[in-house]
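Observations on the three-dimensional arrangement
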Amino acid sequence: MCFPGLTNFTLSNQKVKQTIMKKTFGIIGAGNIGQTVARHLVKAGYQVVLSNSQGPDSLKDVIDSIGSGIAAGSAADAAAADIVLLALPWSQIATLTALTDWKGKTVIDATNHFVSFSPDFKLADIGDKASTEVVAEYVPGANIVKSFNTLYFKILGLDPQEGKGKRVMFISGNETTSKTEVAAVIVSLGFAVIDLGTLAHGSKLQQPGGAVATLNLVKY
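We now turn to the structure provided with this report. A quick note: this is a predicted structure, and the numbers were derived from the prediction, not measured.

What counts, and where the lines are drawn
- Residues numbered from 1 in each chain as written.
- Predicted model: local features only at pLDDT ≥ 70, side-chain atom pairs only at ≥ 80, totals over all residues.
- Heavy atoms only, no water.
- Helix = DSSP H or I, 4+ residues; strand = E, 2+ residues; numbered from the N terminus.
- Rg over C-alpha atoms; globule rule 2.2 N^0.38 Å.
- Buried < 20%, exposed > 50% of the residue type's maximum accessible area, 1.4 Å probe, protein only.
- Contact = heavy atoms within 4.5 Å.
- Areas by Shrake-Rupley, 256 points an atom, 1.4 Å probe, with all protein chains shown as cover.
- Lys, Arg positive; Asp, Glu negative; His and termini not counted.
- Charge placed at Lys NZ, Arg CZ, Asp CG, Glu CD.
- Phe/Tyr/Trp six-rings, centres within 6.5 Å; stacked < 30°, edge-to-face > 60°.
- Core = buried A, V, L, I, M, F, W, Y, C linked by side-chain atoms within 4.5 Å.
- Expected span 1.5 Å × (residues − 1).
- Polar contact = N/O pair within 3.5 Å; in protein donor to acceptor, adjacent residues only side chain to side chain.
- Salt bridge = Lys/Arg side-chain N within 4 Å of Asp/Glu carboxyl O.
- Pairing = 2+ DSSP bridges.

**Remarks on the overall build of the chain**
- In terms of helices and strands, the chain carries 8 helices and 10 strands.
- At 16 Å, the chain has a C-alpha radius of gyration in line with the 17 Å of a compact globule built from 220 residues.
- Along the first, second and third principal axes, the C-alpha set of the chain runs to 40 × 40 × 35 Å.
- Of all 220 residues assigned to the chain, the portion counted as buried reaches 49%.
- Considering only contacts in the chain between residues 6 or more positions apart, those separated by 24 or more positions represent 67%.
- Counting every atom, the chain has about 10300 Å² of accessible surface; 53% of that belongs to carbon and sulfur.
- Put simply, the chain has 19 plus and 17 minus side-chain charges, and the middle of one group is 8 Å from the middle of the other.

Below, the structure written as structure tokens:
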């Protein structure tokens, strides 16, 4: 399998690092993946708004457990951040369209197209499209990068430093600037990055049933 691109991405450029660290994050979906990524972001020093479909008051205990650097908000509040991570259930994807003007915004798609979970883990019928291409229809004009969806949340939540190596996060996307931006964020969290290419090709490798789904890879 060919992995083009960003395997050696670093934050050695101080100006790039300072720019990235000023970015705010909105997370839409406060389940296992949303909370896990939020914890990594807050630990790295980012400001985060976490949202779910039940409203900010329902997230009080979660916010308290994560600590400073994170606030609960509405989905619209989260969508107003510099970078938005989608971690909501597949059944709620259609609600995204009305939240904001998505044009030009960097969006990280961490969703998986499950319509049911254990024991059958049934997937939505999306034809030949990659699931992220379907998501793109609901965030028109956004620059989407697929990431954070391949690992079980308990593994994702571990220290990215594994011995003398770093756990790998896969990314794919069609727009170079946003992909580089997301790669920089991921590296700042302590992970290594492997770029799988475009959404049509790379994100299919990442989604359930794809070649890298559930692959816990460490780069030494």
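From this point, things continue past the structure.
**Considerations on the packing of aromatic side chains**
- Applying the stated criterion to the full structure yields 4 aromatic pairs.
- Look at F25 and Y46: their rings are 5.0 Å apart centre to centre, the planes differ by 75°, and that puts the pair in the edge-to-face class. Placement of F25 in strand β1 (residues 24-28) and of Y46 in the loop between α2 (32-44) and β2 (47-51) is noted, with a sequence separation of 21 residues between them. Pair check on accessibility: F25 and Y46 agree, each one buried.
- A ring pair is formed by F114 and F117, whose centres lie 5.4 Å apart and whose planes are at 45°; its orientation type is tilted.
- F117 gets classed as exposed once you look at its relative accessible area, which sits at 51%.

**A few points about the side chain of K146**
- Note that K146 resides in strand β6 (residues 143-146).
- In contact with K146, other than residues within four places in its own chain, are D109, T111, S131, T132, F170, I171, S172, L199, S203 and Q206.

**Focus: the nonpolar core**
- By size, the foremost hydrophobic cluster in this structure holds 37 residues, and its most contacted members are L41 and F148.
- Every element with two or more residues in this core is listed here: β1, α2, β2, α3 (60-66), β4 (83-86), β8 (165-173) and α7 (176-188).
- Here this core takes 6 residues from α7, the largest share from any one element.
- Apart from residues lying up to four places away in sequence, F148 is in contact with I33, V37, L85, I108, A110, L156, M169, I186 and L189.
- Formed by 19 residues, the second largest nonpolar core is a distinct cluster that contains A79, V84, L86 and L199.

**Comments concerning α7**
- Its 13 residues place the ends of α7 18 Å apart at the C-alpha level, agreeing with the 18 Å of an ideal helix rising 1.5 Å per residue.
- The complete set of buried residues in α7 reads S178, K179, E181, V182, A183, A184, V185, I186 and V187.
- Backbone nitrogen of T177 and a side-chain oxygen of the N-cap are separated by 3.3 Å at the start of α7; the cap is E175.
- G190 sits one or two positions beyond α7 and adopts a positive phi of about 110°.

**Observations regarding the pattern of salt bridges**
- If you walk through the whole model with that rule in mind, you get 6 salt bridges.
- K23 is the salt-bridge partner of E181, the closest N and O atoms lying 3.2 Å from each other. Here E181, found in helix α7, pairs with K23, found in the loop between α1 (14-21) and β1; they are 158 residues apart in sequence, far enough to count as distant.
- The class of E181 is buried, set by a relative accessible area of 15%.
- A salt bridge links R167 to E162; the nearest nitrogen and oxygen atoms lie 2.9 Å apart.

**Describing the pairing of β8**
- Burial of β8 is extensive: 8 of the 9 residues sit out of reach of the surface.
- Summarising the sheet, β6 and β8 pair through 2 bridges and their orientation is antiparallel. Bridged to V145 within β8 is G173.
- Relative to β8, strand β7 (residues 161-162) runs antiparallel, the two being bridged by 2 bridges. Across the sheet, the residue bridging to Q161 is K166, located in β8.

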